[in-house]
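# Architecture at a glance
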Amino acid sequence: MKKNVFLVFGTRPEAIKMYPVYKALKKRKNINVKVVITSQHQEMLKQVLEIFNIPADYDLNVMEFLLPLRVFMRKYLLVMWKQV
């Protein structure tokens, strides 16, 4: 049985740092990798995803201007609960 691993990120630097992790996990036959983006910096993030050929399985699109962390986390958890 494959294990699900969710990689969650929302900025260009996070995507760049996650790329080696994503690449290594994709090689594992016993792991099902799901990429979840929060779209904090949507345009810059999508450029990196295209360059590294990382498909986003879920786009939470939960960011809003000056969104407090507690509100972000509530929205994030609600969306993730529905996806899992």
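The residue numbers shown here count from 1 along each chain, following its written sequence. Given that the model is predicted, a residue must reach a pLDDT of at least 70 before its local features are reported, and side-chain atom pairs must reach 80 or more before they are shown or counted; all residues, however, enter totals for whole chains, interfaces and linings. With hydrogens and water set aside, each side-chain value is computed from the structure's full complement of heavy atoms.

## Notes on the sheet that holds strand β1 (residues 3-9)
- Two strands make a pair as long as DSSP finds a minimum of two bridges between them. The numbering of helices and of strands both runs from the N terminus, where a helix is a DSSP run of H or I of at least 4 residues and a strand a run of E of at least 2. Strand order in the open sheet formed by 3 strands is β1-β2-β3, and the pairing between neighbours is parallel. Looking at which strands have only one partner, the edges of the open sheet turn out to be β1 and β3 (58-59).
- Inspection of the sheet shows β1 paired to strand β2 (residues 31-37) by 7 bridges, in the parallel sense. Residue pairing for β2: F9 is matched across the bridge by I37.
- Note on contacts: a residue pair qualifies if any of its non-hydrogen atoms lie within 4.5 Å across the two residues. Axes here refer to lines fitted to C-alpha atoms; in helices the fit is confined to the stretch in contact. Angles between the N-to-C directions go from 0 to 180 degrees. Contacts from helix α1 (residues 12-27) reach β1 and β2, with the element oriented near 165 degrees to β1.

## Focus: the confidence of the model for the chain
- Residue-level confidence of the predictor, termed pLDDT, takes values from 0 up to 100. Per-residue confidence for the chain averages 87 on the pLDDT scale, and 98% of its residues sit at or above 70.
- Per-element confidence in the chain ranges from a low mean pLDDT of 78 for helix α3 (residues 69-83) to a high of 96 for α1.

## Re the packing of aromatic side chains
- Under the pairing criterion, centres of Phe, Tyr and Trp rings, with the six-membered ring standing for Trp, must be within 6.5 Å; the plane angle then separates stacked pairs below 30 degrees from edge-to-face pairs above 60, leaving the rest tilted. Counted by the stated rule, this structure contains 2 aromatic pairs.
- Summarising the aromatic geometry, the rings of F6 and Y58 are spaced 6.4 Å apart at their centres and angled 25 degrees between planes, so their arrangement reads as stacked. A residue pair is termed long-range when its members are at least 10 positions apart, and F6 in strand β1 and Y58 in strand β3 qualify at 52 residues.
- Burial classes follow relative accessibility: with a 1.4 Å probe on protein chains only, a residue under 20% of its type's maximum area counts as buried, one over 50% as exposed, and anything between as partly exposed. Given a relative accessible area of 29%, F6 falls into the partly exposed group.
- When the ring of Y19 is compared with that of F52, the centres are 4.2 Å apart and the planes differ by 15 degrees; the resulting orientation is stacked. In this pair, Y19 sits in helix α1 while F52 sits in helix α2 (residues 42-52), placing the two residues 33 residues apart along the sequence.
- Taking the relative accessible area as the measure of exposure, F52 reaches 26% and is therefore partly exposed.

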